[in-house]
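# Analysis of the macromolecular model
Listed below, chain by chain, are the residues.
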Amino acid sequence: MLNVPLLDTWAQNGPLENELEAVFSRILKSGRYILGPEVEAFEKEICDFTNSTHSLAVSSGTDALLISLMALGIGEGDEVLVPSFTFFATAGCVRRLGARPVFVDVCPVCFNLDPHDLAGKISPRSKAIIPVHLFGQMAAMNEILEIANEHNLRVIEDAAQSMGSLYNGQQAGTLGDFGTFSFFPSKNLGGFGDCGMLVTNNPQLFEKAKILRVHGMEPKYYHSFIGGNFRADPLQCGLLRIKLQHYEEYCRQRRDNAQQYIDLMSNIAGITQANYPHCQCSNSDSTANEESERKIILPLEYPHNQSIWNQFTLRIPGDGSPRDKLKAYLSAQNIGCEVYYPVPLHQQECFLDCAPDECPVATQLSKEVLSIPVYPELNRQQLEAVVNSIASFLKND
Ligand SMILES: *Cc1c(COP(=O)(O)O)cnc(C)c1O
């Protein structure tokens, strides 16, 4: 039986083996194992790629978020608005600093922060918003930035899953005060361990972040505030620089795979593409009935966005059991798939003390989503195997 993993890191890294070994050898011999030219060269390349004036390579995407919040002075008594439907780190960083994450509901089409719900959850204690560009597609930034400006809130874009995505032609991570990226192996620019990056066009915020990366130390052994060890390794940066040369091709191949899925699956009875309005104008329940007739809903890329398709995420409407049935069916056929994310953050045990917020869409999505393989090296035969399995599941259902 054909094996189709959810992600195949070796398929991507294997062809680069010689180049990657040469990087290791170069850095080994350089003797420079903390910060220095390799890290700076990677930062410069990320600035060029994202059109940012400043960037800082750090230990992980999580730490990029944490440093951004610290640089903005977020702490005890503050509230930070975050989507309920995202990876844990987005809200975990807020809570670690003693601030309260306020959970905002999301759009059922693009899975991102719903500006309507955002506006309703702002309070006098609100200090910042962290829009997440989930699965590779950017959130409704015009609406979010308008609300932020109106209430004098800072914006950190959690672009861990979307470096290189575009919103009206603008790069993810460059529209807020900070943008943060992750190079965790499953992200589009997948590294060889943990690494992250933050970008900003604000020189003062950049300086603060840079000092926070080394324990808040400036000058050497003098600390006017407290930071941490948030450094990225030169080795990791050197290896990522090799992969960055291929990054646009990786993203193009993911886009191509997503388009093939959409072309092949839209013709199958029971599968449709989400086709109702953008989250900026979706306050209606008018689609709820129509939606319940569908067995599988394909993800949709809005015309003003260009997604990098970090995930290709289906929705299987229901109480969770139809989705779980499809997941079991695909797994039995050696097709990798995963639920991102099974528990909305406002229902996580660790947040129950600070999260009375209601997020019905996030709760529903956690019962309906299933991500299938879309990685760049997925070949046509594998892609068709995924589609055929889904089609046979629907037939037998
Ligand atoms: C991966 C991810 C992070 C954290 O990045 P790490 O590098 O794993 O620390 C944060 N937010 C989102 C949305 C992510 O997907």
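Provided above is the structure to which this section pertains.
One structure accompanies this document, and this report is about it. (Residues numbered from 1 in each chain as written. Predicted model: local features only at pLDDT ≥ 70, side-chain atom pairs only at ≥ 80, totals over all residues. Heavy atoms only, no water.)

### Observations concerning the sheet that holds strand β12 (residues 305-306)
One open sheet accounts for three strands, arranged β7-β6-β12; its pairing is antiparallel. Both outer strands of the open sheet, β7 (170-171) and β12, are each paired with one neighbouring strand and no more. Where strand β6 (residues 166-167) meets β7, two bridges bridge the pair, whose relative direction is antiparallel. If you follow Tyr167 over to β7, its bridge partner there is Gln170. (Pairing = 2+ DSSP bridges. Helix = DSSP H or I, 4+ residues; strand = E, 2+ residues; numbered from the N terminus.)

### Brief notes about the layout of surface pockets
One number sums up the size of the second largest pocket: a volume of about 410 Å³. Around the second largest pocket sit 26 residues that line it, and Phe87, Gln161, Ser182, Phe184 and Lys187 are the ones nearest its centre. Only α4 (61-71), α5 (89-96) and β8 (178-182) provide two or more residues apiece to the lining of the second largest pocket. Examining the composition of the lining of the second largest pocket, we find that three residues originate from one element, α4, more than from any other. When the residues that make up the lining of the second largest pocket are grouped by side-chain class, the tally is eleven nonpolar, twelve polar and three charged. (1 Å grid on protein atoms, 1.4 Å probe; cavity = no way out; pocket = protein on both sides within 12 Å on 5 of 7 lines; lining within 4 Å. Points joined across faces, edges and corners; volume = space filled by probe spheres on them. Nonpolar A, V, L, I, M, F, W, Y, C, P; charged D, E, K, R; others polar.)

### Structural notes on the sheet that holds strand β2 (residues 79-83)
The strand order β1-β9-β8-β5-β4-β2-β3 describes an open sheet built from seven strands, whose pairing is mixed. A strand with exactly one partner marks an edge of an open sheet, and here the two such strands are β1 (54-58) and β3 (100-104). Between one strand and the next, the sheet's axes are offset by a mean angle of 25°, whatever the strand orientation. For β1 and strand β9 (residues 196-200), the ladder comprises five bridges, and the chain directions are antiparallel. Following the sheet pairing, Ala57 is matched in β9 by Met197. (Axes fitted to C-alpha atoms, helices over the stretch in contact; angles between N-to-C directions.)

### Topic: unusual backbone geometry
Pro219 follows Glu218 through a cis peptide bond whose omega is -10°. Relative to the assigned elements, Pro219 resides in the loop between α8 (203-213) and α9 (234-244). You will see that Asn51, though not glycine, has its phi angle at about 60°, which is positive. Relative to the helices and strands, Asn51 resides in the loop between α3 (37-50) and β1.

### Brief notes about the packing of helix α12 (residues 321-332) against helix α14 (residues 380-396)
Their axes nearest at 10 Å, the elements α12 and α14 cross at an angle of 125°. Taken together, the axis directions place α12 and α14 in an arrangement best described as oblique. Helix-helix and strand crossings are classified by hand; for α12 and α14 the assignment is right-handed. Contact with α12, carried on its side by Pro322, Lys325, Leu326, Tyr329 and Leu330, involves Ser389, Ile390, Ser392, Phe393 and Asn396 of α14 and no other residues of that element. (Parallel < 35°, antiparallel > 145°, perpendicular 65-115°, else oblique. Left-handed = near helix turned anticlockwise from the far one by under 90°. Contact = heavy atoms within 4.5 Å.)

### Observations regarding the pairing of strand β4 (residues 126-129)
One ladder, built from three bridges, connects β2 with β4; its direction is parallel. Bridge pairing in β4 links Glu79 to Ser126.

### As for the packing of aromatic side chains
This model, assessed by the stated rule, comprises 13 aromatic pairs. In this arrangement the basic side chain of Lys208 is found over the ring face of Phe225, its NZ or CZ atom lying 4.7 Å from the centre. (Phe/Tyr/Trp six-rings, centres within 6.5 Å; stacked < 30°, edge-to-face > 60°. Lys NZ or Arg CZ within 6 Å of the ring centre and 35° of its normal.)

### Quick look at the environment of Val387
Along the polypeptide, Val387 turns up in helix α14. Overall, the relative accessible area of 6% leaves Val387 in the buried class. Counting along the chain gives 125 residues from Val387 to Ile262, while the straight-line C-alpha distance between them is 9.9 Å. Sequence-distant contacts of Val387, that is, excluding residues within four places in its chain, are made with Tyr261, Leu264, Met265 and Ile268. (Buried < 20%, exposed > 50% of the residue type's maximum accessible area, 1.4 Å probe, protein only.)

### Details of α9
Most of α9 sits inside the fold, with nine of its eleven residues counted as buried. Listed in full, the buried residues belonging to α9 are Pro234, Gln236, Cys237, Gly238, Leu239, Leu240, Ile242, Lys243 and Leu244. Turning to α9, the residues buried within the fold contact α1 (9-13), α2 (17-30), α3, β1 and α10 (247-265).

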